[in-house]
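Examining the three-dimensional arrangement
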Amino acid sequence: MKKLNTILFTLSLVCSQLAWSQASPVPMLESSANQIIQTLKQNQATLKQNHQIVYQAIERYLLPNVDVNGMSRSVLGRLAWNKATAAERKEFTQAFTELVIRTYASPLAEYSGETVKFAPYRDSENSRFTRVNSVISRSNGQRIPLSYNLVSKDGQWKIYDLSVEGVSLLQSFRSQFGQVLQSSSMHDLITQMRQNKKAA
């Protein structure tokens, strides 16, 4: 009887994880967006002079929902990732995570009352991957499409790519990094990424 209860309990955990992974990721994305926007509103007067406010908001509210390790492997490419040492992979992941934060933060430093609206969610045929579309509306009437690609990991949705006006963040950086690695080493690539951070 005890063994049967253990099996039933394990099955219930698995089923609950499957149900969560197939649930809509929109509430999680809405919560992250709303918390970031609230921070921007509260600090709007100093955003342009102090980008750290934006960086910290993204790191606190968005980054926990991002699959930074998966993104790092994907953007670097299987060949380059497999050739890199464990130390290089760790350094690259850290540098790339900072790059993602800066890229996402850049337009937010110009915050002037933008709002974000998410499109109705449609279940994906592939239960492990899904896509959520949203639109950023500026005060001047401009509308910017922003799409999130997500993967289900351990029963939770994680962002693995962002597309702004149809341009994929992963594809853009993969092309840039590939060009650098054609004539330079992984160490050189990481150094360039660090230097760009200082210049930002």
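To start, this report covers the structure provided alongside it.

Each value, and the rule that gives it
Residues numbered from 1 in each chain as written. Predicted model: local features only at pLDDT ≥ 70, side-chain atom pairs only at ≥ 80, totals over all residues. Heavy atoms only, no water. Helix = DSSP H or I, 4+ residues; strand = E, 2+ residues; numbered from the N terminus. Buried < 20%, exposed > 50% of the residue type's maximum accessible area, 1.4 Å probe, protein only. Contact = heavy atoms within 4.5 Å. Areas by Shrake-Rupley, 256 points an atom, 1.4 Å probe, with all protein chains shown as cover. Salt bridge = Lys/Arg side-chain N within 4 Å of Asp/Glu carboxyl O. 1 Å grid on protein atoms, 1.4 Å probe; cavity = no way out; pocket = protein on both sides within 12 Å on 5 of 7 lines; lining within 4 Å. Points joined across faces, edges and corners; volume = space filled by probe spheres on them. Nonpolar A, V, L, I, M, F, W, Y, C, P; charged D, E, K, R; others polar. Pairing = 2+ DSSP bridges. Axes fitted to C-alpha atoms, helices over the stretch in contact; angles between N-to-C directions.

1. Points about the overall build of the protein
- Scanning the protein from N- to C-terminus turns up eight helices and five strands.
- When the elements of the protein are put in sequence order from the N terminus, they spell out α-α-α-α-α-α-β-β-β-β-β-α-α.
- Going through the 200 residues of the protein one by one, you find that 38% of them count as buried.
- Across the protein, the fraction of contacts at a sequence separation of at least 24, relative to all contacts at a separation of at least 6, is 59%.
- Element-wise, carbon and sulfur atoms account for 52% of the exposed surface of the protein, whose accessible area totals about 12,200 Å².

2. Concerning the pattern of salt bridges
- Counted according to the given criterion, the structure contains four salt bridges.
- Between E110 and K48 there is a salt bridge, and its shortest N-O distance comes to 3.7 Å. One end of the pair, E110, is in the loop between α6 (86-105) and β1 (115-118); the other, K48, is in the loop between α2 (26-42) and α3 (52-61), with 62 residues separating them in the sequence.
- A salt bridge links E114 to R138, with the shortest nitrogen-to-oxygen separation between them at 2.6 Å. Residue E114 is located in the loop between α6 and β1, and its partner R138 is located in the loop between β2 (129-137) and β3 (143-153); the two are separated by 24 residues in the primary sequence.
- Residue classification places E114 among the buried residues on the basis of a relative accessible area of 8%.
- For R138, a relative accessible area of 23% puts it in the partly exposed group.

3. A short note on empty space enclosed by the protein
- In the structure shown here, the tally under the stated rule is one cavity of 30 Å³ or more.
- As a volume, the largest cavity reaches approximately 40 Å³.
- Lining the largest cavity, in full, are I58, L62, L63, V66, V100, I101 and Y104.
- The element best represented in the lining of the largest cavity is α6, accounting for three residues.
- In the lining of the largest cavity, the residues fall into seven nonpolar, no polar and no charged.

4. Observations regarding the layout of surface pockets
- Each pocket or cavity is described by its volume, and for the largest pocket that value is around 520 Å³.
- If you trace the largest pocket, you find 23 residues lining it, with Y104, P107, I136, L146 and V164 closest to the centre.
- For the lining of the largest pocket, the elements supplying multiple residues, two or more each, are α2, α6, β3, β4 (156-164), β5 (167-168) and α7 (169-183).
- If one sorts the elements of the lining of the largest pocket by residue count, α2 sits on top with four residues.
- Residue composition of the lining of the largest pocket, grouped by class: 18 nonpolar, three polar and two charged.

5. Some points on the sheet that holds β2
- As summarised here, the arrangement of the five strands in space is β1-β2-β3-β4-β5, forming an open sheet in which the pairing is antiparallel. Edge positions in the sheet fall to β1 and β5, since each has one partner strand and no second.
- Relative to β3, β2 is paired through nine bridges, and the arrangement is antiparallel. Considered in β3, the bridge of F129 is made with V151.
- Taken strand by strand, α2 contacts β1, β2, β3 and β4, and its axis lies near 175° from that of β1.

From the geometry alone we can't say anything about function, so treat these as descriptive.
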